Protein chains: 2
Amino acid sequence: MKTFNVTILGCGSALPTTRHIGASQVVNIHDKLFMVDCSEGTQIQFRKNKLTFSRLNHVFLSHLHGDHCFGLMGLLSTLALYGRTSDIHVWGPTDTERIFRPQIDYFCAKSPFNIIIHEVDTSQYSLLHEDRTVEIYSLPLKHRIECCGYLFKEKPGLPHIRRDMLDAYNIPISQINNIKAGADYTTEDGEIIPNEKLTTPADPARMYAYCSDTAYLPSLAHYLQGIDLLYHEATFAENNKARAAETFHSTAKQAATIAKDSHAKRLCIGHFSSRYKDEGILLEEARTIFPDTILANENLTITV
Amino acid sequence: MKTFNVTILGCGSALPTTRHIGASQVVNIHDKLFMVDCSEGTQIQFRKNKLTFSRLNHVFLSHLHGDHCFGLMGLLSTLALYGRTSDIHVWGPTDTERIFRPQIDYFCAKSPFNIIIHEVDTSQYSLLHEDRTVEIYSLPLKHRIECCGYLFKEKPGLPHIRRDMLDAYNIPISQINNIKAGADYTTEDGEIIPNEKLTTPADPARMYAYCSDTAYLPSLAHYLQGIDLLYHEATFAENNKARAAETFHSTAKQAATIAKDSHAKRLCIGHFSSRYKDEGILLEEARTIFPDTILANENLTITV
């Protein structure tokens, strides 16, 4: 199967600690990198994880709280210092242009590439970007300010050719694309080999979603049905449920409920409050509702 | 002697690496903290070094290149999250207000303290701030954009009272301030004890200067005569002297020459180009001219 994984660069919340920096992660889909959120320290984490700047063309910001975007200027400056020439796209809510453009104009004045900001309607589920391999959608979230998640849908691939059948019927290379597209094969003797015999089904298309920051939002599950991996914030444990509601964050159990209602395959929780010196309690609570839960951590890569 | 030290939070240059972040340091003078430069990651380094946010009231920016100021927004936001109420002063060149105020207004809108920006005339040596213990001056530097260093001059303290004399002459506590201010003491028997006998001289007032970023600038030595500790950038080794001149940076030997011409007691070199995996060559070259040189490093604290 082609690469589809997520590397957590940071999974802390408002106050960075010596254990966790703010929110940032990189989604690798078929070796194209998509960054989601960009907290202070992201570019250093990016390098620590030996990711390749030239493969990164899109940065998606969930919202304009500092722990999700204060690394953006550093990242953009560094891209320029690395001699990048291809444009980079920054996606974020209303005000992303107004808040970042003056600093971009000042600090990246000599940048040999364009920094294109796309303001996202965070109240809508809508297709923002697609290429040959992926579609990326905004997911409306419920936070103190405009905020959205991002859904990454791998596009269905083509069936696999059975190498043993290629050999058995001596099928020329020139026919492979036709067969992948569904054609049968007619041998020199006029025998028709049906497509089903020549191929095995395409790998199932996979889905990943990033949902942070958000209050408990049951309607989210509607967009996430059957998702392979869900990253959902779990800022608080259950005994801070009131505090979670007040600050428009979720508890670990609420995150797990979204995963369960989405029939997700796996859940990764993150955006931990700095009050937890050990997030074991969050993991334990989430697993009572959704057993296939793991804890985010800096430098963790999860295959989707 | 009262505390006067410098903690290096970051001593890298334009490209942060896994070894060095951009420029930032904290000068502790009698337990008041002054930050000089504020690169991305500064607030995390600040906490790692167990420094106390409430003791920090001034941040001095040398110039507006990202590796000297991209941590400012994160630092200011964190101060607000910690419930700070006292104002904070940010000193920097022309444009500091224009470039940072929009983000301060947006991200620190609910901050319960004022963020006061003082724009510094970087072309002048002038007194910017003083309190009971210190005077802080701008030092004109020569860089690609407006840039200045900062000179910290401890104010002369008072003489020390000799405890053995207090006991011998049974001098009441009420007289101590007078004696420290230079008065003699007259005993009950009318004997006059001269001040010199009652006191030992005040500790010598100490000086520290931060000079980064700058091309080799011989005139600097004029302001730094007899300085206790000089921090001077040494971005390059001697074989990159042309590159240093071109980018308005210094070599290690040039930094050492400034220290020598200033009759400095010690030199700390920093702002290392990311090309050096080991800065030994810079140290070696500097020491051929000024033996009392040390290398900056993250989390190093140097007593002035």
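These numbers come from a predicted model, not from an experiment.

1. Examining the pairing of strand β15 (residues 229–233) of chain A
Residue and element names in this part refer to chain A.
For step 1, the next point in the chain: Buried residues dominate β15, accounting for five of its five residues.
For step 2, the next point in the chain: Neither face of β15 is open: one carries L229, Y231 and E233, the other L230 and H232, and all of them are buried.
For step 3, the next point in the chain: In terms of strand pairing, strand β14 (residues 207–211) meets β15 through four bridges, oriented parallel. Across the sheet, the residue bridging to A209 is L230, located in β15.
For step 4, the next point in the chain: Here β15 pairs with strand β16 (residues 266–270) via five bridges, running parallel. Among the inter-strand pairings, E233 is bridged to a residue of β16, identified as G270.

2. Examining unusual backbone geometry
For step 1, the next point in the chain: Each neighbour pair has its own omega, and for S212(A) with D213(A) the value is 0 degrees, a cis peptide bond.
For step 2, the next point in the chain: One non-glycine residue, D95(A), lies in the positive phi region at around 90 degrees.
For step 3, the next point in the chain: Inspection of the secondary structure assignment puts D95(A) in the loop between β5 (88–92) and α4 (96–107).
For step 4, the next point in the chain: Unusually for a residue other than glycine, H30(B) sits at a positive phi of about 55 degrees.

3. Topic: the confidence of the model for chain A
For step 1, the next point in the chain: The share of residues in chain A with pLDDT of 70 or more is 100%, and the mean pLDDT across the chain is 96.
For step 2, the next point in the chain: Scored by ipTM, the complex comes to 0.91, with pTM at 0.92.

4. Some points on the interface of chain A and chain B
For step 1, the next point in the chain: In this assembly, 24 residues from chain A lie in contact with 24 residues from chain B.
For step 2, the next point in the chain: When residues of the side of chain A that touches chain B are traced back to their parent elements, those giving at least two are α1 (42–48), α3 (72–81) and α4 of chain A.
For step 3, the next point in the chain: Each residue belonging to the side of chain A that touches chain B can be placed in one class, and the counts come to twelve nonpolar, nine polar and three charged.

5. What about the sheet that holds strand β2 (residues 24–29) of chain A?
Residue and element names in this part refer to chain A.
For step 1, the next point in the chain: Reading across from one edge, β6-β5-β4-β3-β2-β1-β18 is the order of the seven strands in this open sheet, with mixed pairing throughout. Each having just a single partner strand, β6 (115–119) and β18 (301–303) make up the two edges of the open sheet. The average undirected angle you get between the axes of adjacent strands in this sheet is 20 degrees.
For step 2, the next point in the chain: As defined by bridge partners, β5 adjoins β6 across five bridges and the pair is classed as parallel.

6. Describing the environment of N5(A)
Residues and elements named next belong to chain A.
For step 1, the next point in the chain: Its location among the elements puts N5 in strand β1 (residues 4–10).
For step 2, the next point in the chain: Note on N5: 14 C-beta atoms within 10 Å, which makes it partly exposed.
For step 3, the next point in the chain: In this structure the C-alpha to C-alpha distance between N5 and Y208, which are 203 residues apart in sequence, comes to 8.9 Å.
For step 4, the next point in the chain: Not counting residues within four places of it along the chain, the set of residues in contact with N5 comprises N28, T301, I302, T303 and V304.

7. What about the sheet that holds strand β3 (residues 32–38) of chain B?
Residues and elements named next belong to chain B.
For step 1, the next point in the chain: Spatially, seven strands are ordered β6-β5-β4-β3-β2-β1-β18 in an open sheet, and the strand pairing comes out mixed. Of all the strands in the sheet, the pair left with one neighbour each is β6 (115–119) and β18 (301–303). Neighbouring strand axes in the sheet, compared pairwise and without regard to direction, differ in orientation by 20 degrees on average.
For step 2, the next point in the chain: Together, β5 (88–92) and β6 form the strand contacts of helix α4 (residues 96–107), whose direction differs from that of β6 by roughly 165 degrees.

Conventions used here
Every chain begins its residue count from 1, and numbering advances along the sequence as written. Both sets of labels track the order of writing: A upward for chains, 1 upward for ligands. In keeping with the predicted nature of the model, local features appear solely for residues at pLDDT of at least 70, side-chain atom pairs appear and are counted solely at 80 or more, and the whole-chain, interface and lining totals rest on all residues. The burial criterion counts other C-beta atoms lying within 10 Å of a residue's C-beta, which is placed from the backbone; the residue is buried at 20 or more, exposed at 12 or fewer, and partly exposed between these limits. Only runs of H or I of at least four residues qualify as helices and only runs of E of at least two qualify as strands under DSSP, and these elements are numbered from the N terminus. Note on pairing: two strands pair once DSSP finds at least 2 bridges between them. The predictor's confidence in any single residue is recorded as pLDDT, a number from 0 to 100. By definition, residue pairs are in contact when their C-beta atoms, positioned from the backbone, come within 7 Å. The nonpolar class holds Ala, Val, Leu, Ile, Met, Phe, Trp, Tyr, Cys and Pro. Asp, Glu, Lys and Arg form the charged class, and all remaining residues, Gly among them, are polar. Axis lines are fitted through C-alpha atoms, for helices just across the contact stretch, and the angle between N-to-C directions can take any value from 0 to 180 degrees.

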